[in-house]
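A structural walkthrough
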Amino acid sequence: MRERLIPKPGTTSKWRRLGIATVRDRVVQAALKLVLEPIWEADFRPCSYGFRPRRRAQDAIAEIHHLASHSYEWVLEGDITACFDEISHSALLERVRRRIGDRRVLTLVKAFCKAGILSEDGAVRDTITGTPQGGILSPLLANLALSVLDDHIVEHGRASAPSWVRERRRRQGLPNYRIVRYADDFVVLVAGTRQHTEALREQVAAVLATVGLRLSQEKTTICHIEEGFDFLGWRIQRHQQRGSTRHYVYTYPSRKALAAVKAKVRAITGQTTNQPLTVVLHRLNWVLRGWANYFRHGASAKTFAYLDAFTWRRVIRWLCRKHQHTGWRSICRRWLPGWRPTEGNITLFDPGMIAIRRYRYRGAAIPSPWAEGTRLAG
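Only a predicted model underlies this, so the values are computations on that prediction, with no experimental measurement involved.

**Looking at the overall build of the chain**
- The secondary structure content of the chain amounts to 12 helices and 14 strands.
- The principal-axis extents of the C-alpha atoms in the chain amount to approximately 75 × 60 × 45 Å.
- With 378 residues in all, the chain has 46% of them scored as buried.
- Sequence-distant contacts in the chain: of pairs separated by 6 or more residues, those separated by 24 or more amount to 68%.
- A total accessible area of about 19800 Å² is found for the chain, and carbon and sulfur atoms account for 53% of it.
- Side chains of the chain carry 62 positive and 33 negative charges; the gap between the two charge centres is 7 Å.

Rendered as structure tokens:
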């Protein structure tokens, strides 16, 4: 396994380790994943959305929006320190043995966990903990390890209890809580008080410790839905509807997500002007279309309009630098028909053209790709 270090998003001082497996190992891991995934999918909780078939980040955001709109007002936003690097091998393999009895498969999983790392300086070191981030099998193994947290929250938070049971607990002053997890990013929403949420943080830390993971005390925060929080690039917050006295939970692009896409636009339009306008527009359209499609299920209309105006100005400045001896009227006549930067058949994409639609909340009704009768038994 060859190690590669890449900078973490938003920082240049912290690095993330990627494990690049050989082609032969990747083929074996892909085949092993095809065998193991249907078995473990039968046990995974519906509250887990990351790296699972037919599930996506929008499902996690829709779940949070639904819960926050129904009395789950306190939020524990968790951050796990170096999740993929610190998973306990013994705890992970113990959870594998609960469902897998074939010793050859167990030996293969253990071999991938214990495979050494060839670092960038050429030294080889053993892997005592963790699953290499970048391996095909690693997301499935990480979900298996983190499912211990899902099980604890679902069992103790009365997530699967009837509604009358949860209502009775609230009348008795007891909390109900639900977890929404996307890989190693998770939030726990509490129908209770801040004291209940602070007590829950200690429970979460204790549960994660059983699989060798640590909850970051600095980055793990507690907030009320009125204050809002960021999750998977979204800002989720309840505030008053404009022109009304009612309060609703809104989801819209976070400032960090907007800053990230603006940095990409700056990088594309700040490079050399030797490349043709078609290349610049093509690269910008890729970025803008992908970003807008991800955020089209929230209150994003104003953000889309701002991003379009920002990109338009960057392209105009790029054109003026490229054609310094061309007058403004000539630039408008040649490259701005309809006031949109255009070259040939390519026109700058307008994010505002993306229709804003609320994502359909699916909850626990997300279908499994494997029929109930064909699921494998461990």
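Let's pick the thread back up.
**Quick look at the confidence of the model for the chain**
- Confidence in the prediction of the chain, expressed as mean pLDDT, is 90, and 96% of residues score 70 or more.
- Counting contacts from residues 373-378, a segment whose pLDDT is below 50, to residues more than four positions away or on other chains yields 9 contacts.

**Side note on the packing of aromatic side chains**
- Across all of its chains, the model carries 8 aromatic pairs by this definition.
- Between Trp-328 and Trp-339, the aromatic rings sit 6.2 Å apart at their centres with planes inclined by 90 degrees, giving edge-to-face as the arrangement. On the criterion of sequence distance, the pair formed by Trp-328 in helix H12 (residues 328-335) and Trp-339 in the loop between H12 and strand E13 (342-343) is long-range, its members being 11 residues apart.
- Classification of Trp-328 as partly exposed rests on a relative accessible area of 40%.
- Put simply, the rings of Trp-234, Trp-291, Tyr-294, Phe-295 and Phe-304 pair up and form one aromatic cluster.
- Sitting over the ring of Phe-310, Lys-262 keeps its end group 5.0 Å from the ring centre.
- Between the NZ or CZ atom of Arg-289 and the centre of the ring of Phe-349, over which it lies, the distance is 4.6 Å.

Scoring rules and cut-offs
Residues numbered from 1 in each chain as written. Predicted model: local features only at pLDDT ≥ 70, side-chain atom pairs only at ≥ 80, totals over all residues. Heavy atoms only, no water. Helix = DSSP H or I, 4+ residues; strand = E, 2+ residues; numbered from the N terminus. Buried < 20%, exposed > 50% of the residue type's maximum accessible area, 1.4 Å probe, protein only. Contact = heavy atoms within 4.5 Å. Areas by Shrake-Rupley, 256 points an atom, 1.4 Å probe, with all protein chains shown as cover. Lys, Arg positive; Asp, Glu negative; His and termini not counted. Charge placed at Lys NZ, Arg CZ, Asp CG, Glu CD. pLDDT = per-residue confidence, 0-100. Phe/Tyr/Trp six-rings, centres within 6.5 Å; stacked < 30°, edge-to-face > 60°. Lys NZ or Arg CZ within 6 Å of the ring centre and 35° of its normal.

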